[in-house]
Amino acid sequence: MNRYNQYLQQEGKFSGTHTAWPPFRLPGARLPTYWRLPNLLHCKTMHALIFTILYKAVHEPNVSEPIIYLCIFLLEMAVKTTCIVVQEQITVAHKVPDLRYDAWFPSNSIFTNIQHTIRGVSTHKEINYDVASAMPPSAADDDSDNSLEEVCGSPNLRPDGPLAGPSVPMEMDHLRSSTPPVEETVEVNESILSLLIKLHSKLSEKKCSYVPRSQQHAKSSMGGTEESRIGDGPHFVGQLLNKIAALSMTCAKSIEDICEQMKPKTAAGSMSDMDKEERKKKVRERQKKLMEEFAGKQKKFLEQTMEYEEATEASKENEQMEGQADEEEGGVQEYDCVICGQTTASTEERPVGMVTLLQATSVLGHRTHCITGDGRTLPLDEKPCFFHNNDCGTAMDIRLASLQRHFDDKSCLLSMNIGWEGGVFVQTCGHHLHLDCLCSYIESLKNEHVHEAHRSFEPDKGEYLCPLCRQLANGVLPCRPLPREENFSVVPGYTDMHKLAKDVMDLLQRDNQQPNPSSELYKSMTTMMQDLTNATYPKYRNYSKVPCNESIFLFLSSIARTNLELELLQKGGSMCNRNLALPPLSAPTRKMCTGALMRVLGLHAKVMQPNHFILLWSSVTRIPASEDITSVALAEQPLPLLLQDPTTLLIHLVLMLPLGINKAYYTCIVRSLYNVQVVQALAILSCDLTDSEREAWRQKTSSHNPVEQALGEVISHLIYSCLYEASDETVETSVTLTHAIWTEQSVESSTRVMILPYLRTAAMLLCHLYGDELPGVKNAEEEFVCLAVYLGLCTQSSVDVDVSCMSMMQWTYNKPPYTIRNWCHQFNSFVNKNPSAGKSLMLRRFAWCLPALLRLPNEYDKIFTYYRTKQCYKCSSVPKEPAVCLICGMFVCMRDKCCKQQSAMECVQHSVDCGAGTGVFLAINSSLVIVISGARAGIWGSVYLDSFGEEDRDLRRGKPLYLSDVRYRLLEQQWINHSFDRTVKKWIWHRDNL
């Protein structure tokens, strides 16, 4: 009913202040088998029960509304249905007996009985004053009589018989029989018509609200809305009274008489006789009295407020002391299970998890380079379009393949992330449940005898609906409790970068505490990892040449990176409150759970030996590692630090460190990797300088300006390599940094553009790990500085000065040029052997445009004309049901076996290759958008409408169709938000036949 009322208000069909009643449909023609069924409506007992319900609805406040509108509907059907056999009228007593409903009315005719006035109801009540005193205390305190009275209503309508009266022991029966029952008479003086008129006034909250039918036609024409099935209680009651008056003249006369009797009678001329001055005097006295009462209440409220504030201030210190004590003891967070309703903490014996939905995604891989223009357009000619060659997923695959050709496979897998194509996106509805409760719940779903075609989820594959919000889910993310007593979670008493970096090195080398492998918590986390692995397709999980732990670690860290990037994407690609690059996204009903996800990923990331990360941290901070680890590293060919992704390294270090490290250590890691990011940006920027410009900047190494000093230091070390001597064929892979003259301001702005993606991801990770609220950024100009302050790279006081991004670099040693020299020498040794590969790997892109669907023409006729006769690229034939992918523009054969691959037809296979199981296709012959999500498929609707804003499904009407920008933007938002499972209401199992 809530959805029905919401629909009526949205469509403007109902604007009343009360709740609309259900639009019950009057029955039509009956089958011969049920020809005697309407006799129930013309039954004296039924009429007496309806009279009782209407009497209670008028005189008592606790009668539920469903009982009332069902009673009104029964009366309406009785009025509209002809009585087959009319019984002879009998004489009814002045006082009708209670519960003898067949003796209340004279006939079975509805029009006769609704006019009949019941004067009174005789009841029998037993009175026994000795029972309470003679009963034992347990029986005397029994309140079963009160509960029965509440159910049956007032005492005068209580059922007579052996159940009436208080329950007493068997030995008290002789006390009952000592007192005979007393007969009482309840005055009623009502008929069904009078009760209906009074019910109309009660529901409309107005006296004498019903106007007889004859007067309605005299005042206004109501014939157009008389038979409407949309309305509230007064509407249907009034409509019933109008029907009764139209079908029976005697009933119409009775209704008019009842309405006339109910009109209030006022003495004529009483108001005119009252003196005006006396009335004004009384009004003033009444106002004065009200003001005095208001002033007294206000004074009393202020006194109580002052007392409350004093008591609150007095108890603040005690609350703070108690809060500190709880923090020292280690507070335990409790969760509400939506299945059993219990509130408990998550323990190793009985873990609690979050309801989650795991989805494979390639949205990040469809980001393109930031170029001018309106984006990619759906091809409408024979010009070759290679959209995949210019997107993020293809660029990252090419980079990883190039690294694997020149470096050790294991070190390459730990230098960057995958997941741009075929990543795993984890969302939650925010509800929690016990793992054992979930197992029982899924078993009950499996045992339900529901046909597979009628169910939109598969319990056998772990899918279920959240018991509370009914959203689709296919996993549960265990809530791993934080350790209580760990030395690394204590706030360090210093802020020196060298000491903090040394503590991080010690944390990497220590043995991490792991949960009991036989505990339920560990088993649930292992199950979650299996669900994460199975959420995507095999070709997106393994990028190594041979199976190894590094490949597993790459997959785990990439899951964290994918969720951080997608959350940032849903915010519009930046931290600005108003980002003009993307329209405001529809509010997602699901939430992110990156903090809990990091705990689960961190547990399984410990399968990696920490030697690689110890050497990495030593290379970043110059903190020496142990000799045995260093000796092993000398035999391997290390990947230069300037070719590794600092954002990836940040996630790797967080996963390898123990759970719940202090925020000071996280800030130290962010600062150290920030230095790497700045040096990388300066190295890329130096490639766009001419030889004379590089020489001029190299001369400024000893300058006190941080920009000149940092860029000059980088150039002074890279100038001895082949980086600047390589051919210009690889320049087109670099970021676009074109300036006529490179000044300090242009270098600063270009460097910030390349550093911003790292700061955004680091800020998102800090927010999820420590619960700090993200900074409010008003515009793009303030984003860099706000994130720098939020991450601890600079203080708020230094923001007032025009601070440079180079001045935010903080080092573990007082001689940063030595660290920069080591990084550049690592890269020089590689680029001198492979100049072309070295430069192409160095000149990587940092900024990507937001993903978007292809831009469509305004007229659908252009699409239909071009693609209706277009031949398929694979089978070279004209498809019977052509379709085009709105993500990449691929032309496919829908539901044709000519292009079938690996037991899957072309649309299904293309959704796996292009969207990791999610496809958005435009069916040419019907103008409908078909959405494929895993094993399901559904019709989203059409983005092309006619001039009246209506769809033309299957193009049957032949009207010109035009692009609806609002619908197409909504489709694009739902694709980015991964919300098709909620927006598409009807799914089918495509069984690889699309």
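Above this note sits the structure.
What you see is a predicted model, and the numbers here were worked out from it, not measured in a lab. (Residues numbered from 1 in each chain as written. Predicted model: local features only at pLDDT ≥ 70, side-chain atom pairs only at ≥ 80, totals over all residues. Heavy atoms only, no water.)

Engineer: Got a minute to help me understand the packing of aromatic side chains in this structure?
Structural biologist: Under the criterion given, the structure shown has 14 aromatic pairs. Look at Tyr 441 and Tyr 464: their rings are 6.2 Å apart centre to centre, the planes differ by 85°, and that puts the pair in the edge-to-face class. Placement of the pair is Tyr 441 in helix 17 (residues 435-447) and Tyr 464 in strand 8 (residues 464-465), with a sequence separation of 23 residues. Tyr 464 carries the same exposure label as Tyr 441, and that label is buried. Consider the rings of Tyr 866 and Tyr 867, whose centres lie 4.7 Å apart with planes at 80°: the pair is edge-to-face. A relative accessible area of 16% means that Tyr 866 is categorised as buried. Lying over the aromatic face of Tyr 813, Arg 622 brings its terminal NZ or CZ to 4.8 Å of the ring centre. A cation over an aromatic ring shows up here: Lys 700 above the ring of Trp 697, its NZ or CZ 4.6 Å from the ring centre. (Phe/Tyr/Trp six-rings, centres within 6.5 Å; stacked < 30°, edge-to-face > 60°. Helix = DSSP H or I, 4+ residues; strand = E, 2+ residues; numbered from the N terminus. Buried < 20%, exposed > 50% of the residue type's maximum accessible area, 1.4 Å probe, protein only. Lys NZ or Arg CZ within 6 Å of the ring centre and 35° of its normal.)

Engineer: In this structure, what is going on with helix 9 (residues 192-204)? I would like to understand it.
Structural biologist: Residues lying three or four places apart along an α-helix face the same way, a consequence of the helix completing one turn every 3.6 residues. In this model helix 9 runs 18 Å from its N-terminal to its C-terminal C-alpha over 13 residues, within 8% of the 18 Å that 1.5 Å per residue would give. Among the 13 residues of helix 9, 11 are classified as buried, and the element is accordingly described as predominantly covered. If you check which residues of helix 9 are buried, you get Ile 192, Leu 193, Ser 194, Leu 195, Leu 196, Ile 197, Leu 199, His 200, Ser 201, Leu 203 and Ser 204. Looking one or two residues past helix 9, Glu 205 carries a phi angle of roughly 60°, positive in sign. (Expected span 1.5 Å × (residues − 1).)

Engineer: In this structure, what is going on with the pairing of strand 15 (residues 929-933)? I would like to understand it.
Structural biologist: Note on strand geometry: in a regular strand, side chains alternate between the two faces of the sheet. In terms of burial, strand 15 is largely enclosed, as five of its five residues are buried. The alternating pattern of strand 15 places Val 929, Val 931 and Ser 933 on one face and Ile 930 and Ile 932 on the opposite face, and all of these are buried. Where strand 14 (residues 918-923) meets strand 15, five bridges bridge the pair, whose relative direction is antiparallel. Looking at the pairing, Val 920 lines up with Val 931 of strand 15. Linking strand 14 back to strand 15 in an antiparallel pair, the connection comprises five residues, with Ser 927 at a positive phi of about 65°. In terms of strand pairing, strand 15 meets strand 16 (residues 936-941) through five bridges, oriented antiparallel. The residue of strand 16 that forms the bridge with Ile 932 is Ala 937. The antiparallel pairing of strand 15 with strand 16 creates a hairpin that spans two residues between the two strands, and Gly 934 there sits at a positive phi of about 65°. (Pairing = 2+ DSSP bridges.)

Engineer: I'm lost on the nonpolar core in this one. Help?
Structural biologist: Side chains of nonpolar character tend, in soluble globular proteins, to be buried together. Formed by 186 residues in total, the largest nonpolar core has its most connected members in Leu 532, Leu 650, Tyr 674 and Leu 971. Among the elements that line this core, the one with the most residues is helix 25 (residues 663-686), at 15 residues. With sequence-adjacent residues up to four places away left out, Leu 971 is seen in contact with Leu 853, Leu 886, Val 920, Val 929, Trp 940, Val 943 and Phe 980. (Core = buried A, V, L, I, M, F, W, Y, C linked by side-chain atoms within 4.5 Å. Contact = heavy atoms within 4.5 Å.)

Engineer: In this structure, what is going on with the pattern of salt bridges? I would like to understand it.
Structural biologist: A full pass over the atoms with the stated rule returns 31 salt bridges. For Asp 913, the salt bridge is made with Lys 539, and the minimal N-O distance between the two is 2.7 Å. You can see Asp 913 sitting in helix 34 (residues 906-915) and its partner Lys 539 sitting in the loop between helix 19 (520-534) and helix 20 (549-570), a full 374 residues away along the chain. Under the relative-accessibility criterion, Asp 913 is labelled partly exposed at 35%. Put simply, Glu 859 and Lys 862 hold a salt bridge, and the shortest N to O gap is 3.5 Å. When its relative accessible area of 29% is taken as the criterion, Glu 859 is described as partly exposed. Put simply, Arg 367, Arg 561, Glu 565 and Asp 645 are held in one network by salt bridges that share partners. (Salt bridge = Lys/Arg side-chain N within 4 Å of Asp/Glu carboxyl O.)

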